[in-house]
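Next come the chains, spelled out residue by residue.
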Amino acid sequence: MNLFQQLTEKPWVTAHGTVVAFHAGRAFALPTAKIGLRVFLAVITVLFSLLVVAYAERMAAADWRPLPEPWLLWLNTAMLILSSVAFQWASVSARRGHGDGVRVDLLAAGGFAFAFLVGQLVVWQQLAALGYFAATNPAAAFFYLITALHALHLLGGLVVWGRTTAKVWRGVEVEQVRMSVELCAVYWHFLLVVWLVLFGLLLFT
Amino acid sequence: MAISTPAEVPAEVEIVPAAEVPEVELYHAKSWVTKYVFSQDAKVIAIQYSFTAIAIGLVALVLSWLMRLQLGFPDSFSFIEPGDYYQFITMHGMIMVIYLLTALFLGGFGNYLIPLMVGARDMVFPYVNMVSYWVYLLAVLVLVASWFVPGGPTGAGWTLYPPQAILSGTPGAEWGIVLMLVSLALFIVGFTMGGLNYVVTVLQARTRGMSLMRMPLTVWGIFVATILALLAFPALFVGAVMMTLDRLLGTSFFMPAIVALGEHLEYGGGSPLLFQHLFWFFGHPEVYIVALPAFGIVSDLLSVHARRHIFGYRMMVWAIVAIGGLSFVVWAHHMYVSGMNPWFGFFFATTTLIIAVPTAIKVYNWTLTLWKANIQFTVPMLFAIAFIVTFLNGGITGLFLGNVVVDVPLSDTMFVVAHFHMVMGVAPILVIFGAIYHWYPLITGRMFNEALGQFHFWVTFVGAYTIFLPLHYLGFLGVPRRYFEMGETSFIPESAQTLNEFVTVVALIVGFAQLVFFFNMAWSAFKGKKAERNPWKACSLEWQTPEMPPGHGNFGETLPLVYRWPYEFGAPDVEEDFVPQNVPPDQVITKKGPEGLPGGAAVQPAE
């Protein structure tokens, strides 16, 4: 029964009537953790959307000076894409029960993610060396703020990644980490999309 | 992806066995500390949230007394300087809205009632739920800390508008504002953790037979309010982070070029209006984050204590959802005087007035629930009825203020203060009192003292009107809000000051009368009469637990199976005037004996 049908039920009519098979007590046929992650992603979407709106609004002011675009950002983007791809592989390996595959893929995913973060730090240094400080230029302020928030979300993901990888390393059954790996993969793809939007915003403004 | 099911159930089938809900793994506390302090049991977390929220709320109550003392008797109290007064109004507003009302409705009632009412053993992510409370407590402590830093707490007004919020001249511009912003950010992080639990528990952890449309309206109200909060708080979070950077790193997100004390500051180009938009994009849904749980709870109180099913259940659910949706497109009605484009004002006035439609549906349905009902004037019922009247009163002044032409002259007057105190101060607090009285036997296993409860109700109800009705009148006279003192003002008559004195005296009395409530709650918890099971004869699941107060895991060996909606009061041909949700149809005692159920259906057991 879809959500619309659920919301048009007339509970008073079925009073004294049937306990109906389809009231399994769940609105969606997904594991609880996956629903939880989706709700959380909705919250983060609002967060970054509002930042984009604020960015667009602030751009209209007279003192807006566009930032240079360090080529390193392209490399960082590639790192994040690779990280996401590795997580996807890990997720597929976990579904097929390939323990070794999961181990290698997880390491690769984490490695690329760390490379991305280090790359972002280097970009910060480059910009600062060119004299773009948060206080001197609104575009720089937004860049530092947005990349910092994005990196914080990635770091949060890396905590889960660390726990999952540690479990895999200790030789825990693949089936037991499968959910964590799949959740990480979805989260990583999401953060990749967020980054592509933010990067696009930087490139085209 | 929804669960696919047969489109129709054949008419002749009376009982279809419900699909199994897998038993959840329940965390069992191993020590006193994990059972009562770092507890993962939603009921304990609920109590922790409630006590913390009420404690900090009492601080805000005392702040309101200090404000009233200054307004009623200006120049009489040497310890209230203008700066102090601004700190009082700021902290009073912020604490009441965020740290008391939001935390108590969602963290307190949400945690206690959601699992019990939907038939779950606990929240779906109990560990995250526990962390949610501790982050909330940290946010409260950071807020309290701002009284102990140089300069004291911020006095920027609860809206924290830049540029004044972080400029010298505003109290607490050094430290107070930073602690306030950090505290808000922490609150939002903590709330998000709790909110994920409330939403996912309602969606995925209901017991068998508990369809969405069999949930009590309390759960609906808290559920939709949580969704609003999850989507609205990020706006405040973004605003708080950006303002913190403006204050600490000297960025200019919100700060325009500005000259302060004859000095040209480093800021330039930022937009204070951007902050207002962010703030109210959170701030208006916040009104409904507080109001929707109140709507839901009051519906249940009315139905139970009037012994009548709620009128128009589906409309009530849809109205909650519609109000939730509309609350995101009305925010700029708080900004009519900010110099916005008139077409913008026209748009927001229109959406604001549209919200009155679903809200009016709710008020009509509450009234119609009482129509020809068997009304029991219990203490919870008195508070519930008082809520309808008060919410209607505050809602109607909201219609005035929603119109640009009426709002502009009334903007920043006491009329606005009176309006929002009626609609989101007094009204939700009345529901909170009603709810505490209603669920007190469930939580403590004892009854409160009825006489003290009645006394508390009448003083609070009459007192609140005695305080806030005159403020409407003062607003019409043009008395501005946020003023430390009026000084020489030709257009405001002398009598306005007399009225202010009167209001102050009443506010002190009503405030002290709350001690009766606290005494009643504390005394009854130990010495009150033992409550019988399900003392209000309610149908919803929280009253049907094997123990009262409900134990760890809520429902004993097996989870309850739900056969009907939670408002089965006064069903024809049934012996008692209520049928709990989990009583199988063949066990309902009818006036004609077990065979004569309504419709004459032959019924077989479910299991």
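Rules behind the numbers
Residues numbered from 1 in each chain as written. Chains lettered and ligands numbered in written order. Predicted model: local features only at pLDDT ≥ 70, side-chain atom pairs only at ≥ 80, totals over all residues. Heavy atoms only, no water. Helix = DSSP H or I, 4+ residues; strand = E, 2+ residues; numbered from the N terminus. Expected span 1.5 Å × (residues − 1). Bend = angle between axes of the 7 residues up to and from the residue. Buried < 20%, exposed > 50% of the residue type's maximum accessible area, 1.4 Å probe, protein only. Core = buried A, V, L, I, M, F, W, Y, C linked by side-chain atoms within 4.5 Å. Domains from an automatic or database assignment. Contact = heavy atoms within 4.5 Å. Buried area = accessible area lost by both parts, 1.4 Å probe. Salt bridge = Lys/Arg side-chain N within 4 Å of Asp/Glu carboxyl O. Polar contact = N/O pair within 3.5 Å; in protein donor to acceptor, adjacent residues only side chain to side chain.

A.B. asks: Help me understand helix α6 (residues 217-248) of chain B, please; the structure alone is not making it clear to me.
C.D. replies: Owing to its 3.6 residues per turn, the α-helix aligns residues three or four sequence positions apart on the same side. Residues and elements named next belong to chain B. Helix length check: α6 (32 residues) gives 45 Å between terminal C-alpha atoms against 46 Å at 1.5 Å per residue, within 8%. Helix geometry: α6 is bent most strongly at Leu231, by close to 30°, with proline Pro234 lying one to four residues after it. Within α6, 27 of the 32 residues are buried, leaving the element largely enclosed by the surrounding structure. Looking one or two residues past α6, Gly250 carries a phi angle of roughly 75°, positive in sign.

A.B. asks: How should I be thinking about unusual backbone geometry in this particular structure?
C.D. replies: Residue and element names in this part refer to chain B. The amide bond that connects Pro162 to the next residue, Pro163, takes the cis arrangement and shows omega of 0°. Counting through the fold element by element, Pro163 comes out in the loop between α4 (126-145) and α5 (176-204). With an omega of 0°, the peptide bond running from Met548 to Pro549 counts as cis. For Lys372, which is not glycine, the phi dihedral falls at a positive 55°.

A.B. asks: What is the right way to read the nonpolar core from this model?
C.D. replies: Across soluble globular proteins, you tend to see nonpolar side chains buried next to one another. Counting residues in each nonpolar core, the largest one holds 261 residues, and the members touching the most others are Tyr99, Phe109 and Trp220 of chain B. Composition of this core by domain shows at least three residues from each of domain 1 (40-208) and domain 2 (326-531) of chain B. Setting aside residues up to four positions removed in sequence, Trp220 of chain B forms contacts with Leu7 of chain A together with Leu212, Met213, Met215, Tyr313, Val317, Ile320 and Val321 of chain B.

A.B. asks: Is there a simple way to think about the domain arrangement of chain B in this case?
C.D. replies: Residue and element names in this part refer to chain B. Taken as a whole, chain B is organised into domain 1 (40-208) and domain 2 (326-531). For domain 1 and domain 2, the distance between their C-alpha centres works out to 19 Å. Contact with domain 1, which involves 32 residues of that partner, is made by 29 residues of domain 2. Of the roughly 2600 Å² buried at the junction of domain 1 and domain 2 (both faces included), carbon and sulfur atoms supply 73%. Our count for the contact surface shared by domain 1 and domain 2 stands at 0 salt bridges.

A.B. asks: How should I be thinking about the pattern of salt bridges in this particular structure?
C.D. replies: A side chain of one charge can pair with a side chain of the opposite charge if their charged atoms are brought near each other. Considering all chains together, one arrives at 10 salt bridges over all chains under this definition. In this structure, Lys34 of chain A engages Glu182 of chain A in a salt bridge whose closest nitrogen and oxygen atoms are separated by 2.7 Å. Linking Lys34 of chain A in helix α2 (residues 32-59) with Glu182 of chain A in helix α6 (residues 174-203), this pair joins segments that are 148 residues apart in sequence. Residue classification places Glu182 of chain A among the buried residues on the basis of a relative accessible area of 8%. Asp412 of chain B serves as the salt-bridge partner of Arg482 of chain B, at 3.4 Å between the closest nitrogen and oxygen.

A.B. asks: What am I meant to see in the side chain of Gln581 of chain B here?
C.D. replies: Residue and element names in this part refer to chain B. By the secondary structure assignment, Gln581 is in the segment after α15 (494-527). By relative accessible area, Gln581 is classed as buried at 0%. A distance of 3.0 Å separates a polar side-chain atom of Gln581 from the backbone oxygen of Arg214. Apart from the residues lying within four places of it in its own chain, the contact partners of Gln581 are Met210, Arg214, Cys539, Ser540, Leu541, Leu561, Val562, Tyr563, Arg564, Trp565 and Pro566.

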